[in-house]
Amino acid sequence: MRTYDITLTISPDLVVWPEDPPVELQRVSRIEDGAVSNVTRMNMSAHTGTHIDAPYHFLRDGQTVEDIDLDLLIGRAYMLHLPDANKVTADMLENSPIPPRTKRILLKTRNSDLWANPRHKFKKDYVPLAPDGAQWMVDRGVKLVGVDYLSVAAFDDVVTTHDILLSAGVVIVEGLSLAEVSQGRYTLYCLPLKLAGSDGAPARAILTGV
Ligand SMILES: [Zn+2]
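Residues numbered from 1 in each chain as written. Predicted model: local features only at pLDDT ≥ 70, side-chain atom pairs only at ≥ 80, totals over all residues.

Here we look at the overall build of the protein chain
Thinking step 1. Scanning the protein chain for helices and strands turns up five helices and 10 strands.
Thinking step 2. For 210 residues, the compact-globule estimate of 2.2 N^0.38 gives 17 Å, and the C-alpha radius of gyration of the protein chain, at 17 Å, lies within 12% of that figure.
Thinking step 3. Overall, the C-alpha framework of the protein chain stretches about 60 × 40 × 35 Å when taken along its three principal axes.
Thinking step 4. Counting across all 210 residues of the protein chain, residues that qualify as buried make up 37%.
Thinking step 5. Within the protein chain, contacts between residues separated by at least 24 positions form 71% of all contacts whose residues are at least 6 apart in sequence. (Helix = DSSP H or I, 4+ residues; strand = E, 2+ residues; numbered from the N terminus. Rg over C-alpha atoms; globule rule 2.2 N^0.38 Å. Buried ≥ 20, exposed ≤ 12 C-beta atoms within 10 Å, placed from the backbone. Contact = placed C-beta atoms within 7 Å.)

Here we look at helix α5 (residues 158-167)
Every α-helical turn comprises 3.6 residues, leaving residues that sit three or four positions apart pointing alike.
Thinking step 1. For α5, every residue scored as buried is listed here: Thr 161, His 162, Ile 164, Leu 165 and Leu 166.
Thinking step 2. Lining the buried residues of α5 we find β4 (51-53), α4 (131-139), β7 (144-146) and β8 (171-174).
Thinking step 3. Looking one or two places after α5, you find Gly 169, whose phi comes out positive at around 80 degrees.

Topic: the nonpolar core
Thinking step 1. Counting residues in hydrophobic clusters, the biggest one holds 47 residues, and the most contacted among them are Ile 52, Leu 129, Val 145, Leu 165, Val 170, Ile 172 and Val 173.
Thinking step 2. Among the secondary structure elements, those contributing two or more residues to this core are β5 (74-81), β6 (104-108), α4, β7, α5, β8, β9 (184-192) and β10 (200-209).
Thinking step 3. Of all the elements, β10 adds the most residues to this core, at four residues.
Thinking step 4. Setting aside anything within four residues of it in sequence, one finds Ile 172 in contact with Ile 52, Asp 53, Val 145, Val 152, Leu 165 and Leu 166. (Core = buried A, V, L, I, M, F, W, Y, C linked by C-beta atoms within 7 Å.)

As for the environment of Ala 134
Thinking step 1. Relative to the elements of secondary structure, Ala 134 occurs in helix α4.
Thinking step 2. Linking Ala 134 and Thr 89, residues 45 residues apart in sequence, is a C-alpha distance of 8.1 Å.
Thinking step 3. Ignoring anything within four residues of it in the chain, the contact list for Ala 134 reads Leu 129, Thr 161, Ile 164 and Leu 165.

Some thoughts on the packing of α4 against α5
Thinking step 1. Axis separation between α4 and α5 bottoms out at 9 Å; the angle between their running directions is 5 degrees. One way to sum up the angle between α4 and α5 is to call them roughly parallel. Contacts between α4 and α5 involve Pro 131, Ala 134, Gln 135, Met 137 and Val 138 on the former and, on the latter, Thr 160, Thr 161, Ile 164 and Leu 165.
Thinking step 2. Classifying every residue of the contact of α4 with α5 gives six nonpolar, three polar and no charged. (Axes fitted to C-alpha atoms, helices over the stretch in contact; angles between N-to-C directions. Parallel < 35°, antiparallel > 145°, perpendicular 65-115°, else oblique. Nonpolar A, V, L, I, M, F, W, Y, C, P; charged D, E, K, R; others polar.)

What about unusual backbone geometry?
Thinking step 1. One non-glycine residue, Arg 101, lies in the positive phi region at around 65 degrees.
Thinking step 2. Along the chain, Arg 101 turns up in the loop between α2 (90-94) and β6.

Focus: α4
Thinking step 1. Along α4, the positions that sit buried rather than exposed are Pro 131, Gly 133, Ala 134, Trp 136 and Met 137.
Thinking step 2. Looking at the buried residues of α4, the elements they touch are α2, β6, β7 and α5.
Thinking step 3. One or two positions beyond α4, positive phi appears at Gly 141, with a value near 75 degrees.

Considering the environment of Leu 59
Thinking step 1. In this fold, Leu 59 is placed in the loop between β4 and α1 (70-73).
Thinking step 2. What makes Leu 59 partly exposed here is the crowd of 14 C-beta atoms within 10 Å.
Thinking step 3. In the structure, Leu 59 is positioned 103 residues away from His 162 in sequence and 9.4 Å away in space, judged by C-alpha atoms.
Thinking step 4. For Leu 59, the contacting residues outside a window of four places in its chain are Leu 166 and Ser 167.

Quick look at the structure:
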């Protein structure tokens, strides 16, 4: 059994969504300056790096991140590799080897290669999940969708795909780093920070499998 860390490392160098604040990690207490301990202050968007979108991110009365059911975030998952996709469509999902009744699907695309350089310039033409792909997930009873860039939805239409998934109670995990993982079945452990009232939260995500 192997453990794969599919989490991006949070640092001031990490690319963030264009309207989000950059990551600041500021040492506010330093042993080298005579303090008894080192202490870092974090300043960043809740949607930094590998993170969860709560329904409240796009839905006025949606659930906030601390209330997301942990049972959705932990369990069997299928990682689908679509190296040639420009967007992930219902057709591609329909014609894929995703096992029946799969509840958690992670999508690996050419996006994952971008994380070889975490400080790359934000890429607007990343591979998104198309709205019909999102509807396919809902219709199949999928409960968690993970993607390998900073949004599940296309840059020029961020609302539709998010709305379809979040209004159906599908958990969205964004910013996964999947370059080292091959297509197949795994167990996912994805644990977002328990931020009160938040539209999202950074998460540590790992896969275990062969
Ligand atoms: Zn999102």
